[in-house]
Amino acid sequence: YQRRVQGDIMKRKAQTRTKTGDRVELSSSRTMSRLTASLPLFAIIPLAGFIVIAFLLVQRWTPPPSMPLPHSSLSATSTLQGQIPIHEVEIVRKLSHDGNSFTQGLLFDAHGRMFESSGRYGESSVREVDLETGRVLHSQRNPPQYFAEGLAEFDNKLIQLTWRENTAFIHDKENLQLLQTIRWPLEGWGVVYDGHQFITSDGSSFLSFVDPSNFTVTKRLLVTDHNGNAIRHLNELELIGDEIWANVFLTDYIARIDPSTGRINSWVHVPGLDKGPVLIPSEAFLNGIAYNQATQKIYLTGKLWHYLYEVRLREPPVMSRTGPMMRR
């Protein structure tokens, strides 16, 4: 008798759960039926079209974010009033380069010796490289917790920045031995020395001027194109004449910047250079500019590239109303 009573109870519970579930499904179905029935077909189609158009308008007019985004350097600019020169390059010589070097800084000293900073955690180093053969003559490894970045010469020494560690290394130029480790006030990307101060980039639209006596920032300069648009992702730097040349990260463009105003005088376009058998193409970006003052020659390379190029600018430049398509 007890087993029969218990079985009846369990049966009623199962029926109750089933009916509850049926009731929920029926309620949802009725709600949808009522909603559909309340709108005739001729009203549903225009409503759907209105929703699609509204969505597209929101996407089109949503303002861009104020902070730089990774992997977002190319897009369209607005119509411009004037014109800006864009120089293509002519390859003079194709030289060997260490394909394992994650190039972050490249320079010649006054005697024509070439130095390079190579990045990546656990692999960073500063090195002297033979121009003609690409052979590494001397090398000094950085501690593995540092990601090496830009490189500049000052007072017969080399200063090597690091990425996010707020640290810079000062090396003896003759043997690359570490002389001093200092606190750097910014995220390190590119750096040059103009004889009085360091000028450095941090991946933003600004160049910062740093006092070499105490390594403090004395000025920040916004870099803009000829339409007043800020150009961000400024990376490796080189001082050529009275201009600062800056790689724009993730692009094949170099900006020629007036350091007194921040205005871009012209662009250098470097498309399609042979990088060699690069193992990681997604990281093999243009990122090395070096000017040999003794010979007045310009050299370009990139991260993990197997080649270094001696180049000269083609004249006359292409005059463009829009300039390169840089995302602001």
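Residues numbered from 1 in each chain as written. Predicted model: local features only at pLDDT ≥ 70, side-chain atom pairs only at ≥ 80, totals over all residues. Heavy atoms only, no water.

### Comments concerning the overall build of the chain
Put simply, the test is: Helix and strand definitions follow DSSP, with helices as H or I runs of at least four residues and strands as E runs of at least two, each counted in order from the N terminus. Contacts: residue pairs with any heavy atoms within 4.5 Å of one another. Accessible areas in this description were obtained via Shrake-Rupley with a 1.4 Å probe; residue shielding takes into account the shown protein chains only.
For the chain, the count of helices and strands is two helices and 21 strands. Intrachain contacts of the chain at a sequence separation of at least 6 include 55% that bridge at least 24 residues. For the chain, the accessible surface area stands at approximately 17800 Å², while carbon and sulfur atoms represent 56% of it.

### Focus on the sheet that holds strand E8 (residues 167-172)
Condition: Any two strands with at least two DSSP-identified bridges between them are counted as paired. Helix axes use the C-alpha atoms of the stretch in contact, all axes being lines fitted to C-alpha atoms, and the angles between their N-to-C directions lie in the range 0 to 180 degrees.
Strands sit in the order E6-E7-E8-E9 across an open sheet of four strands; the sheet is antiparallel. Lying at the two open borders of the sheet, with one neighbouring strand each, are strand E6 (148-154) and strand E9 (178-183). Going across the sheet, the axis of each strand differs from the next one's by a mean of 20°, ignoring polarity. Alignment of strand E7 (residues 157-162) against E8, held across five bridges, turns out to be antiparallel. Paired with Leu158 across the two strands is His171, which belongs to E8.

### Some details on the confidence of the model for the chain
Put simply, the test is: What pLDDT conveys is the predictor's confidence in a given residue, as a value from 0 to 100.
Summary statistics for the chain give a mean pLDDT of 81 and a share of 73% for residues scoring 70 or more. Between residues 41-45, whose pLDDT stays under 50, and residues either more than four places distant or in other chains, the model counts one contact.

### Observations concerning the pattern of salt bridges
Filter applied, for reference: Basic side-chain nitrogens of Lys or Arg form a salt bridge, by our definition, when they fall within 4 Å of a carboxyl oxygen of Asp or Glu. Partly exposed residues are those whose accessible area sits between 20% and 50% of the maximum for their type, while under 20% is buried and over 50% is exposed, using a 1.4 Å probe and protein chains only.
Going through the model one piece at a time under the given rule, you end up with 14 salt bridges. Of the charged contacts, one joins Arg113 and Glu128 as a salt bridge, the two residues approaching to 3.1 Å between their closest N and O atoms. Of this pair, Arg113 sits in the loop between strand E2 (103-108) and strand E3 (114-118) while Glu128 is found in strand E4 (residues 125-129), placing the two residues 15 residues apart along the sequence. For the pair Arg113 and Glu128, one class covers both residues: buried. With a closest N to O distance of 3.2 Å, Glu174 and Arg113 form a salt bridge.

### Side note on the nonpolar core
Rules: By nonpolar core we mean a set of buried residues, namely Ala, Val, Leu, Ile, Met, Phe, Trp, Tyr and Cys, connected to one another through side-chain atoms within 4.5 Å.
With 20 residues, the main nonpolar core has Trp245, Ile254, Val270, Ile298 and Leu300 as its most contacted residues. At the level of secondary structure, the elements contributing two or more residues to this core comprise strand E18 (286-292), strand E19 (297-302) and strand E20 (307-313). When neighbours within four sequence positions are excluded, Leu300 is seen to be in contact with Ile254, Val270, Leu286, Gly288, Ile289, Tyr307, Leu308, Tyr309 and Val311.

### Concerning the packing of aromatic side chains
Using the following cut-off: Two rings belonging to Phe, Tyr or Trp (six-membered ring only in the last case) form a pair when the distance between their centres is within 6.5 Å. Interplanar angles under 30 degrees mark stacking, angles over 60 mark edge-to-face geometry, and anything in between is tilted. Charge-over-ring contacts are defined here by two conditions on Lys NZ or Arg CZ: a distance within 6 Å of the ring centre and an angle within 35 degrees of the ring normal.
A full pass over the atoms with the stated rule returns 16 aromatic pairs. Linked through ring pairs, Phe154, Trp184, Tyr193, Phe198 and Phe215 together constitute an aromatic cluster. Of note, Lys219 hangs over the ring of Phe209, and the distance from its end group to the ring centre comes to 4.3 Å.

### Remarks on the layout of surface pockets
For the record, the criterion: The method works on a 1 Å grid over the protein atoms by themselves. A cavity is a set of points holding a 1.4 Å probe that cannot get out, a pocket is an open set with protein on both sides within 12 Å along at least five of seven lines, and residues with an atom within 4 Å of a point line them. Grid points are joined across faces, edges and corners, and a volume is the space filled by probe spheres set on the points. Three classes are used: nonpolar for Ala, Val, Leu, Ile, Met, Phe, Trp, Tyr, Cys and Pro, charged for Asp, Glu, Lys and Arg, and polar for all others, with Gly counted as polar.
Taken as a whole, the second largest pocket encloses approximately 310 Å³ of empty space. Mapped onto the lining of the second largest pocket, the elements with two or more residues apiece are E2, E6, strand E10 (191-193) and strand E14 (234-240). Broken down by class, the residue content of the lining of the second largest pocket amounts to eleven nonpolar, one polar and three charged.

### A look at the pairing of E9
Taken together, the five bridges between E8 and E9 define a ladder with antiparallel strand orientation. Its bridge partner being in E9, Ala168 is matched across the sheet by Ile182. Hairpin remark: E8 followed by E9, antiparallel, with five residues in the connecting loop; positive phi at Leu176, about 65°.

### Describing the side chain of Arg113
Where we set the bar: For the purposes of these results, a polar contact is taken to be a pair of N or O atoms within 3.5 Å, where, inside protein, one atom must be able to donate a hydrogen and its partner to accept one; residues adjacent in sequence count only when each atom of the pair is a side-chain atom.
Among the polar contacts made by the side chain of Arg113, one reaches the side chain of Glu128 at a distance of 3.1 Å. Sequence-distant contacts of Arg113, that is, excluding residues within four places in its chain, are made with Leu107, Phe108, Glu128, Lys173 and Glu174.

### Let's talk about the pairing of E6
The side chains of a regular strand alternate, first on one face of the sheet and then on the other. Across the seven residues of E6, six count as buried, placing the element largely inside the fold. Where E6 lies against E7, five bridges are found, and the strand directions are antiparallel. Its bridge partner lying in E7, Leu151 is registered against Gln160.

### Describing the sheet that holds strand E12 (residues 206-210)
The strand order across the open sheet formed by four strands is E10-E11-E12-E13, and the pairing between neighbours is antiparallel. Among the strands making up the open sheet, the edge pair consists of E10 and strand E13 (217-222). With strand direction ignored, the average angle separating the axes of adjacent strands in the sheet is 20°.

### Considering the environment of Met319
Tracing the sequence through the fold places Met319 in strand E21 (residues 318-320). Assessed through its relative accessible area of 43%, Met319 is described here as partly exposed. Excluding residues within four positions of it along the chain, Met319 makes contact with Gln83, Ile84 and Pro85.

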